[in-house]
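Fold and contact review
What follows is each chain in one-letter form.
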There are 2 protein chains.
Amino acid sequence: MKNVSLKDIALKVGTSISTVSLVLNGKGKKVRISDALSRKIKTVAKKEGYHPNKMAIALRTGKSNIIGLLVDNISGHFFAALAEVIEREVDHYGYKVIYCSSGNELRKGKELIRLLHQHQVDGYMIIPVAGMEKEISELEEHGKPVVLLDSYFSKTQSTHVLVDNYGGISTAVTHLIQRGYQKIAFVYNNLAMIQMKERKRAFSDTLKQAGIKTAPELILKVPLTDNRQEQVLKIKTFLDAAKPEAVLFAANYLGVQGLEAIHNLQLKIPDDIGVICFDDHELFSLHQPAITVVQQPVQELAKTAVAILMAKLGHEETTSKESAELQATFIERQSTTYKK
Amino acid sequence: MKNVSLKDIALKVGTSISTVSLVLNGKGKKVRISDALSRKIKTVAKKEGYHPNKMAIALRTGKSNIIGLLVDNISGHFFAALAEVIEREVDHYGYKVIYCSSGNELRKGKELIRLLHQHQVDGYMIIPVAGMEKEISELEEHGKPVVLLDSYFSKTQSTHVLVDNYGGISTAVTHLIQRGYQKIAFVYNNLAMIQMKERKRAFSDTLKQAGIKTAPELILKVPLTDNRQEQVLKIKTFLDAAKPEAVLFAANYLGVQGLEAIHNLQLKIPDDIGVICFDDHELFSLHQPAITVVQQPVQELAKTAVAILMAKLGHEETTSKESAELQATFIERQSTTYKK
DNA sequence: CTGAAAGCGCTTACAG
DNA sequence: CTGAAAGCGCTTACAG
């Protein structure tokens, strides 16, 4: 059973394809097609179950009304929070979203950008992977608007929306110091992108400014490519050796793994070790004790990014098309009460 | 800057569009196009950065090489686990996935099926919503293969892949009884679909078979439409009034909310109350104490569903195209040790 | 070995 | 008020 096309309708009604197209696109009034014909066309279209072929429209008009969203990990917590908002927001403008995840692999990321391009998506929202600069510039040269999420490349000037990573970590470290923690450990990963670099930089700077010297043995870089098991083990070994008074995890998944490591070590939070995490997770507020976090304004990030992209696509003239850096929210829970 | 098309290449090389198409599709050898020309075409195509327009191909061939995946909730845990596997599996066959989420709303679900249809997806994987029977039958009448996930309609014969819900719950209840729990509560939701009905049925049957009579005040149905806050409150009020020895949550998100309610009530697990949940969650294994669960074989579900869909699409003749019911895995952790 | 032509389903000037 | 025609980028018989 074939899909019904404009031609089928035209044949049934006894008119031309153009007329059917005009009517079904609501332009009947404008070109003054008779009410009788209009009604008849609409009736037949409905009865036959006509659905326009979006592929054909995209091919003809050059616009697909699809936004490509390339994230690092489609099963991650950040994506889960993001996707919902983005989907709802772009829907207001009649756009749909195609998601894909790079797994933080350059090769995969490049491939997916090409794929999205081949599918003629109108605009891109991308969590960039190191080394992707060229592909992104090419999209922009092709006239396709791009908004980078969560990170950006310092050398290129693509529009980006992200949280104030430096400020967020700085607040966290300051909080720990005020609570009386001195020997503070930092666990981050080897993502060679600005958001992680900023977090690391903020950690070192803030300690230095407080007159605390940072020992390299209090800093752990966990490779992204390790599997979960290995990562937990590395964190465990690290904490066991370094014996910090508090630990700051630079990403929520590291925090989750960190908690597992801490449980394995049978350490009590916050008595044996204070814990704070950059980026919230469902698990943290439910954990006993609940984990203090620096929360990213995910809703706001998504909304801002969509607004900018829509502005670039010619909707919503009011919105600025500039990059944005949003403030993180510090949430103190029970994992950072120093007891000594 | 325009995208480069076959025509552009043909013009540059000084040959015809057909020849370029043939060569670039690897059919050059078959129709014996000269090596010299082939090489030249390939070189120019690469230099110009040619990418085939998938829309045009889809329009022309009637195949989009896209699978539509309609889930209940794109930010849910089940989706997160599913998406990754499905994406990887269908990739082997050259397919891509478009995701959308119905939010368990019939109206939204219907709309999304229409949308996927308009985008000419070749096959569907759907977590069905009550009332969707007609739309799904229509897809099948249009010759589009469909595999239902997680549930199905008892009246229609669509292919489906799901876990043995009845068996899973039955195991859980039996376990509780063996551990000495008698007053067992059941928390489920008002999803009017087979998976939830089966879980409910299994709960009542198993208790009855053990000679324990089920009191209606030990059963709570939490409306899906309530917001999270309300749901937690309802569970809390319910547990406080019913004072069960153990509680079985019929879905992982209910378990997560249930834990919050239990913490609010200051009840100790497993001393004050035993807890078991159908469907695992990252949070459960990390929780103190870790929560006993009935785990769905998500990987296997996804793989099976993909295999069946691909078989229906004409790949992989070896695979059966029959519906499948997979066994759940019971994982005993520390939340169900009766202490009295 | 290679090219001209039709056609997928649509939109949009253009002509009448 | 309505229709014939071109063209988006591609594939695929068909002809030579």
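Quick caveat, the model's predicted, so the values are computed rather than measured. (Residues numbered from 1 in each chain as written. Chains lettered and ligands numbered in written order. Predicted model: local features only at pLDDT ≥ 70, side-chain atom pairs only at ≥ 80, totals over all residues. Heavy atoms only, no water.)

Every one of the 27 residues lining DNA strand C counts as a neighbour, but A:Leu6, A:Arg60, B:Thr15, B:Arg32 and B:Arg60 are closest to it. Between a phosphate oxygen of DNA strand C and a main-chain N or O atom of A:Leu6, the distance comes to 2.6 Å. Between DNA strand C and A:Asn53 there is a distance of 3.1 Å, counted from a phosphate oxygen to a backbone nitrogen or oxygen. Of all the elements in the fold, those that place two or more residues in the surface near DNA strand C are α2 (17-24) and α4 (54-61) of chain A together with α2 (17-24) and α4 (54-61) of chain B. Considered class by class, the residues forming the surface near DNA strand C number eleven nonpolar, eleven polar and five charged. (Near = heavy atom within 4 Å. Polar contact = N/O pair within 3.5 Å; in protein donor to acceptor, adjacent residues only side chain to side chain. Helix = DSSP H or I, 4+ residues; strand = E, 2+ residues; numbered from the N terminus. Nonpolar A, V, L, I, M, F, W, Y, C, P; charged D, E, K, R; others polar.)

In this structure's numbering, the residues bearing the UniProt feature "domain: HTH lacI-type" (unreviewed entry) are residues 4-61 of chain A. In the segment residues 4-61 of chain A, helix accounts for 66% and strand for 0%; the C-alpha atoms at its two ends are 20 Å apart. (UniProt positions renumbered as here; feature names shortened; annotations may be inferred.)

This paragraph deals with the pairing of strand β5 (residues 160-163) of chain B. Residue and element names in this part refer to chain B. Judged by which residues are buried, β5 turns out to be covered on both faces: His160 and Leu162 on one side and Val161 and Val163 on the other are all buried. Here strand β4 (residues 146-149) pairs with β5 via two bridges, running parallel. Residue Leu148 lies in a different strand from β5, and its bridge partner there is His160. (Buried < 20%, exposed > 50% of the residue type's maximum accessible area, 1.4 Å probe, protein only. Pairing = 2+ DSSP bridges.)

Among the 27 residues in the neighbourhood of DNA strand D, the closest are listed as A:Thr15, A:Arg32, B:Leu6, B:Tyr50 and B:Arg60. By atom count, sugar and phosphate contribute 63% of the portion of DNA strand D lying within 4 Å of the protein. Between DNA strand D and the protein, one listed contact pairs a phosphate oxygen with a side-chain N or O atom of A:Thr19 at 2.9 Å. Breaking the surface near DNA strand D down by element, the ones donating at least two residues are α2 and α4 of chain A together with α2 and α4 of chain B. Residues that form the surface near DNA strand D fall into these classes: eleven nonpolar, eleven polar and five charged.

Here we come to the side chain of A:Thr336. Residues and elements named next belong to chain A. By the element assignment, Thr336 lies in the segment after β12 (329-331). Accessibility expressed as a relative area gives 0% for Thr336, which makes it buried. Within the local environment of Thr336, its side chain forms a polar contact with the side chain of His175, the two groups lying 3.0 Å apart. Those residues within four positions of Thr336 in sequence are excluded, and the remaining contacts are His175, Leu176, Arg179, Tyr181, Pro270, Val275, Ile276 and Thr292. (Contact = heavy atoms within 4.5 Å.)

Taken together, the 43 residues of chain B in the interface contact 43 residues of chain A. Between chain B and chain A the total buried area reaches about 4400 Å² when both faces are included, carbon and sulfur atoms providing 64% of it. Counting every contact that joins chain B to chain A gives two salt bridges. For the salt bridge of B:Arg228 with A:Glu282, the shortest nitrogen-to-oxygen distance reads 3.6 Å. Contributing elements (two or more residues each) for the side of chain B that touches chain A: α4, α5 (77-91), β2 (96-101), α6 (106-118), α11 (252-264) and α12 (282-286) of chain B. Looking at the side of chain B that touches chain A residue by residue, the classes come out as 19 nonpolar, 14 polar and ten charged. (Buried area = accessible area lost by both parts, 1.4 Å probe. Salt bridge = Lys/Arg side-chain N within 4 Å of Asp/Glu carboxyl O.)

Let us now look at the relation of the copies chain B and chain A. Here the two chain copies are tied together by a rotation about an axis and a shift along that axis. For the pair chain B and chain A, the superposition axis carries a translation of 0.0 Å, the fit reaches an RMSD of 0.0 Å, and the rotation angle comes to 180°. Those values place the two copies in the arrangement expected of a two-fold rotation axis. A high fraction, 100%, of the interface residues of chain B reappear at the interface in chain A, so the copies pair face to face through one surface. (Least-squares fit on C-alpha atoms with pLDDT ≥ 70 in both.)

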